[in-house]
Amino acid sequence: MIQPLAYIHPQAKIADNVVIEPFVTIHKDVEVGEGTWIGSNSVIMDGARIGKNCRIFPGAVVSAPPQDLKYKGEPSTVTVGDNTVIRECVTLNRGTALDKNTTTIGSNCLLMAYVHVAHDCIIGDNVIIANAVQLAGHINVYDYAFIGGTSAVHQFVEIGAHSMISGGSLVRKDVPPFTKAGREPLSYIGINSVGLRRRGYPATTINEIQEIYRIIFLKKYNITKALDIIEAEFNPTIERDEIINFVQNSQRGIMKGFGNT
């Protein structure tokens, strides 16, 4: 159903069963998947690739040019996965040729009102980003992460899978998977045990993750020493290796343990 008061460029690719409310604007180089609903006063700009059964609420702007002075108008995209909800006044900027050339939002995500996702970010599946979170460019947010409202995330930061960041946080360092982060400066405050249980992780795995992070954050070892101990004392598992790889590959460094300077 397309309302007559909406503007849709004749070359935009709109699938079946898409609902487009009055005063929506859809530009030329746009693709919208089946069953998606687009609310009034939303603007879908060139480069948008929107999946199936998404819900885009009034005032959202999808695939606007990046707010990057190095951007010279080159074609690039924003990709939104299936079943993702984009609430009121969310802004998603497309990628740049100097990096990934795309900004990607995964499937089954919820981006609450006034979230901003800048150029060349990659958001995984099942991610929740609460109201007014601001993501700078080149950020990676992995599956099932949660970012609390009004948080601001520095460019190039990595936020690990199943992690949880407290509302109002200033995220300047990488947040490893399975952790909870809070306080100022952002620090380790435990593992996301509730989220892990909800997703079916057994108690033995949750306990092992907790022991690993005690070595990293609470024993006051340097990172190299902590990782050596973990590799020596814990048998290889998917979770152990994910933590080790994340910490080893961190470019900005990981957040501190609580009380560390």
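Now for a quick tour of the structure. (Residues numbered from 1 in each chain as written. Predicted model: local features only at pLDDT ≥ 70, side-chain atom pairs only at ≥ 80, totals over all residues. Heavy atoms only, no water.)

Things to note about the overall build of the chain
Now for step 1: Within the chain, the regular secondary structure consists of four helices and 28 strands.
Now for step 2: Relative to its length of 261 residues, the chain is compact, with a C-alpha radius of gyration of 20 Å against a globular reference of 18 Å.
Now for step 3: By its C-alpha atoms, the chain is 65 × 40 × 30 Å across when sized along the principal axes.
Now for step 4: Per-residue burial over the chain gives 48% buried out of 261 residues.
Now for step 5: Of the roughly 12,100 Å² of accessible surface on the chain, 52% is carried by carbon and sulfur atoms.
Now for step 6: For the chain, the centre of its 24 positive side-chain charges and the centre of its 25 negative side-chain charges are spaced 7 Å apart. (Helix = DSSP H or I, 4+ residues; strand = E, 2+ residues; numbered from the N terminus. Rg over C-alpha atoms; globule rule 2.2 N^0.38 Å. Buried < 20%, exposed > 50% of the residue type's maximum accessible area, 1.4 Å probe, protein only. Areas by Shrake-Rupley, 256 points an atom, 1.4 Å probe, with all protein chains shown as cover. Lys, Arg positive; Asp, Glu negative; His and termini not counted. Charge placed at Lys NZ, Arg CZ, Asp CG, Glu CD.)

A closer look at the packing of helix H2 (residues 203–218) against helix H4 (residues 238–249)
Two packed helices can be described by the angle between their axes and the distance between those axes.
Now for step 1: Remark: H2 packs on H4, axes separated minimally by 10 Å, with the N-to-C direction vectors making an angle of 30 degrees. Relative to H4, the element H2 lies roughly parallel. The chirality of how H2 crosses H4 is right-handed. Listed contacts from H4 to Thr-205, Ile-209, Ile-212, Tyr-213 and Ile-216 of H2 are Glu-239, Arg-240, Ile-243 and Val-247.
Now for step 2: Of the residues in the contact of H2 with H4, the class split is six nonpolar, one polar and two charged. (Axes fitted to C-alpha atoms, helices over the stretch in contact; angles between N-to-C directions. Parallel < 35°, antiparallel > 145°, perpendicular 65-115°, else oblique. Left-handed = near helix turned anticlockwise from the far one by under 90°. Contact = heavy atoms within 4.5 Å. Nonpolar A, V, L, I, M, F, W, Y, C, P; charged D, E, K, R; others polar.)

So, H2
Now for step 1: Here H2 is 16 residues long and its end C-alpha atoms lie 21 Å apart, about the 22 Å a rise of 1.5 Å per residue gives.
Now for step 2: Along H2, the residues classified as buried are Thr-205, Ile-206, Ile-209, Ile-212, Tyr-213, Ile-215, Ile-216 and Phe-217.
Now for step 3: Of the surrounding elements, those touching the buried residues of H2 are strand S26 (179–182), strand S27 (187–191), helix H1 (193–198), helix H3 (223–233), H4 and strand S28 (256–257).
Now for step 4: A positive backbone phi angle near 65 degrees is found at Lys-220, which sits one or two residues after H2. (Expected span 1.5 Å × (residues − 1).)

Some details on the sheet that holds strand S10 (residues 61–64)
Two modes of strand pairing occur in sheets, parallel and antiparallel, and in both the strands are linked by backbone hydrogen bonds.
Now for step 1: On the basis of which strands lie adjacent, the open sheet formed by nine strands has the order S1-S4-S7-S10-S13-S16-S19-S22-S25 and parallel pairing. Strands with a single pairing partner mark the edges of an open sheet, and in this sheet they are strand S1 (7–8) and strand S25 (170–171).
Now for step 2: Pairing of strand S16 (residues 116–117) with strand S19 (residues 134–135), which is carried by two bridges, proceeds in the parallel orientation. Across the sheet, residue Val-117 finds its bridge partner in S19, namely Leu-135. (Pairing = 2+ DSSP bridges.)

Thoughts on the sheet that holds strand S5 (residues 31–32)
Now for step 1: Read from one edge to the other, the open sheet built from eight strands follows the order S2-S5-S8-S11-S14-S17-S20-S23, with strand pairing classed as parallel. Where the open sheet ends on each side, the last strands, each with one partner, are strand S2 (13–14) and strand S23 (158–159).
Now for step 2: Across four bridges, strand S11 (residues 77–80) lies against strand S14 (residues 102–105) in parallel orientation. When the sheet's bridge partners are listed, Thr-77 is paired in S14 with Thr-102.

A closer look at the pairing of S14
Now for step 1: In this sheet, strand S17 (residues 122–123) lies alongside S14 in parallel orientation, the contact comprising two bridges. Considered in S17, the bridge of Ile-105 is made with Ile-123.

Some remarks on the environment of Glu-184
Now for step 1: For Glu-184, the location among the structural elements is in the loop between S26 and S27.
Now for step 2: Glu-184 has contacts with Leu-170 and Arg-172, leaving out every residue within four places of it along the chain.

Considering the pairing of S26
The side chains of a regular strand alternate between the sheet's two faces.
Now for step 1: The sheet contact formed by strand S24 (residues 164–165) and S26 spans two bridges and is parallel. Bridging across to S26, Ile-165 finds its partner in Ala-181.
Now for step 2: Counting the residues that bridge the hairpin from S26 to S27 gives four residues, and of these Arg-183 lies at a positive phi of roughly 65 degrees.

Let's talk about the nonpolar core
Now for step 1: Counting 66 residues, the largest nonpolar core has Leu-92, Leu-135 and Ile-216 as its most contacted members.
Now for step 2: With seven residues, the top contributor of residues to this core is H2.
Now for step 3: For Leu-92, the residues in contact, after removing those within four places along its chain, are Val-61, Val-62, Ser-63, Ala-64, Val-78, Val-80, Ile-86, Ile-105, Leu-111 and Val-117. (Core = buried A, V, L, I, M, F, W, Y, C linked by side-chain atoms within 4.5 Å.)

Describing the state of the cysteines
Now for step 1: Tallying each qualifying case throughout the model produces zero disulfides.
Now for step 2: Just so you know, Cys-89 is unpaired, no disulfide at all, and the nearest cysteine sulfur is the one on Cys-54, 18 Å from it.
Now for step 3: Looking at Cys-89, the relative accessible area reads 27%, which means it is partly exposed.
Now for step 4: Considering cysteine sulfurs only, Cys-54 is the nearest to Cys-109, which forms no disulfide, with 9.5 Å between them.
Now for step 5: What makes Cys-109 buried here is its relative accessible area of 2%. (Disulfide = S-S within 2.5 Å.)

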